[in-house]
Amino acid sequence: MRGFLTSLLFFGLSQATNVYLNPPELFPSRLSPQQANLVLAAHLGLEQFEAVSQAGRLNNLFRERDFVGQGDQSALMLLIDEAHARDVIPSTFEPSFSIVESQPESLSSFIKTCNQRASHAYSYVLTTPSIPTQGVPRILDIFSLPTPANEAFLAEMSTIADYLDSPLQTDRFAGLELTGIPQLAASYGRSSEQYKLATETLRAAIDAALAEKSIRLAVITYTPTTQKRSPQLPEQSPLPPKVAQSSRPGIQLSSCISSALTCANSTNSCSGHGECVSTTRAGQECFVCACTTTISDSGKVQNWAGEMCERKDVSGPFVLITGTVITLILLMGGSVSLLYGIGGHEVPSILIGGVAGGIRRE
């Protein structure tokens, strides 16, 4: 029984996403998707696009990081299938941390977001793999056959080679999801000459990036989703089904976001005015923004609303002002009505007599 539980624990840990960083930095061994998003953004030189309110959380993760005297920096991010990671990652390159509860689709979205942001932060950005126009190098002649696997691998390696062979571009960026290696393994087998040559070539490229001190390298390995949950048929009942209501505060997005990392990327960390939380919609787990209250330097309290917590919530002041105006109108109307009613009554005779008796006669 203990051995079975141990194997289950190992399997669960193996599903976690591993992140390799160079230069290496000290982090906790396991980070949440939100924390990993902030760490990777800072490592790749894209922290200026993160919300200002997240800076405190980011500084707590870094320990004595020196930003002085770094000069121009370049960044390279590679996303690789965990099943082939050990074949392409050098043995001396150890993981910096792992991301809990991450999903492949959220990592692909993260790379696209980084490429978009890098176009505003770097002078030279490579985002789309393309087959070399000058032909296949002689050492890679074995991949000259135009198959989808060969073309994917050649396009990715050509992009990495262009990145590494651009020393004049002191600030350059490339973010790639490497699919050529898994395709070669599926087409030719992991013991084939094509697969071995491809993994050796990619390993040499990673070694070259590790040797270049001006390149900040991030390699992310993931476990692809092989099985999808089959939809469960609802039980027959004469009454309408009950829809589970979430007790967590948040705004439902137009589509269900299945991971916290994807939610943080697509909403820019809830515009810095909240965080992504788990909720349930139609029996499916989704992540939405839960807006929080912020306090400015002058002490002004501000509430936020919207799918991405992007707009100010004026419902509270509006209700207060509207209620105050209505109350004042009712008080004024009641006062006028009371005065009008009093003016319509005759003055008692005793009061008239008192007034008349007080008149001085000559």
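Here we summarise the structure given alongside this text.

What counts, and at which threshold
Residues numbered from 1 in each chain as written. Predicted model: local features only at pLDDT ≥ 70, side-chain atom pairs only at ≥ 80, totals over all residues. Heavy atoms only, no water. Helix = DSSP H or I, 4+ residues; strand = E, 2+ residues; numbered from the N terminus. Buried < 20%, exposed > 50% of the residue type's maximum accessible area, 1.4 Å probe, protein only. Contact = heavy atoms within 4.5 Å. Areas by Shrake-Rupley, 256 points an atom, 1.4 Å probe, with all protein chains shown as cover. Pairing = 2+ DSSP bridges. Salt bridge = Lys/Arg side-chain N within 4 Å of Asp/Glu carboxyl O. Expected span 1.5 Å × (residues − 1). Disulfide = S-S within 2.5 Å. Core = buried A, V, L, I, M, F, W, Y, C linked by side-chain atoms within 4.5 Å.

1. Focus: the overall build of the protein chain
- When helices and strands are counted, the protein chain shows eleven helices and twelve strands.
- The buried share among the 362 residues of the protein chain stands at 38%.
- Long-range contacts, defined here as pairs at least 24 residues apart, represent 74% of the contacts in the protein chain between residues at least 6 apart.
- Element-wise, carbon and sulfur atoms account for 58% of the exposed surface of the protein chain, whose accessible area totals about 22300 Å².

2. Topic: the pairing of strand 8 (residues 274-281)
- Where strand 8 meets strand 9 (residues 284-291), eight bridges bridge the pair, whose relative direction is antiparallel. Paired with R281 across the strands is Q284, a residue of strand 9.
- The turn joining strand 8 and strand 9, which pair antiparallel and follow one another in sequence, is formed by two residues; a positive phi near 55° is taken by A282.

3. Notes on the pattern of salt bridges
- Within the structure shown, the criterion is met by three salt bridges.
- Linking E25 and R216 is a salt bridge whose minimum nitrogen-to-oxygen distance equals 3.0 Å. Pair noted here: E25 is in the loop between strand 1 (17-22) and strand 2 (30-31) and R216 is in strand 7 (residues 215-222), with a separation of 191 residues, a long-range link.
- Exposure remark for R216: the relative accessible area of 9% places this residue in the buried category.

4. What to know about helix 8 (residues 193-211)
- The end-to-end C-alpha distance of helix 8, which contains 19 residues, comes to 27 Å, matching closely the 27 Å that a straight helix rising 1.5 Å per residue would cover.
- Residues Q194, Y195, L197, A198, T199, L202, A205, I206 and A209 constitute the buried set of helix 8.
- The inward-facing, buried residues of helix 8 contact strand 3 (74-81), helix 4 (82-88), helix 6 (148-164), helix 7 (180-188) and strand 7.

5. Here we look at the state of the cysteines
- According to the stated counting rule, one finds three disulfides in the structure shown.
- Across the disulfide, C263 is cross-linked to C276 (sulfur-sulfur distance 2.2 Å). Handedness here is read from the sign of the S-S torsion; for C263 and C276, about -85°, the answer is left-handed. Of the two residues, C263 sits in helix 9 (residues 260-266) while C276 sits in strand 8, which places them 13 residues apart along the sequence. Each member of the pair, C263 together with C276, is buried.
- Two residues, C270 and C289, share a disulfide whose sulfurs are 2.1 Å apart. Across the S-S bond linking C270 and C289, the dihedral sits near -95°, which makes this disulfide left-handed. Taken together, the residues C270 in the loop between helix 9 and strand 8 and C289 in strand 9 connect sequence positions 19 residues apart. Of the two residues, C270 and C289, both sit in the buried class.

6. Section: the sheet that holds strand 4 (residues 97-99)
- Spatial ordering of the open sheet is given by 2-4-1-7-3-6-5, a layout of seven strands whose pairing is mixed. Where the open sheet ends on each side, the last strands, each with one partner, are strand 2 and strand 5 (124-126).
- In terms of strand pairing, strand 5 meets strand 6 (residues 172-177) through three bridges, oriented parallel. Its bridge partner being in strand 6, L126 is matched across the sheet by A174.

7. So, the nonpolar core
- Ranked by internal contacts, the top residues of the largest apolar core, which has 33 residues, are L76, F143, F153, I160 and L202.
- When contributions to this core are tallied by element, the ones reaching two or more residues are strand 3, helix 4, helix 6, strand 6, helix 7, helix 8 and strand 7.
- The leading source of residues in this core is helix 8, at seven residues.
- In this view, L76 contacts L44, Y163, A174, A209, I215, R216, L217 and A218; residues no more than four positions away in its chain are not counted.
- Counting residues in hydrophobic clusters, the runner-up holds 25 residues, among them L21, L46, M77 and I111.

8. Focus on unusual backbone geometry
- A cis geometry characterises the amide bond from N22 onward to P23, with omega recorded as 5°.
- Summarising the element assignment, P23 is placed in the loop between strand 1 and strand 2.
- Backbone geometry at S271 places phi at a positive 60°, although glycine is not the residue there.
- Along the chain, S271 falls in the loop between helix 9 and strand 8.
- Unlike most non-glycine residues, C309 shows phi in positive territory, near 55°.
- For C309, the position within the fold is in the loop between strand 11 (301-305) and strand 12 (311-312).
- C309 sits in the buried class, given a relative accessible area of 0%.

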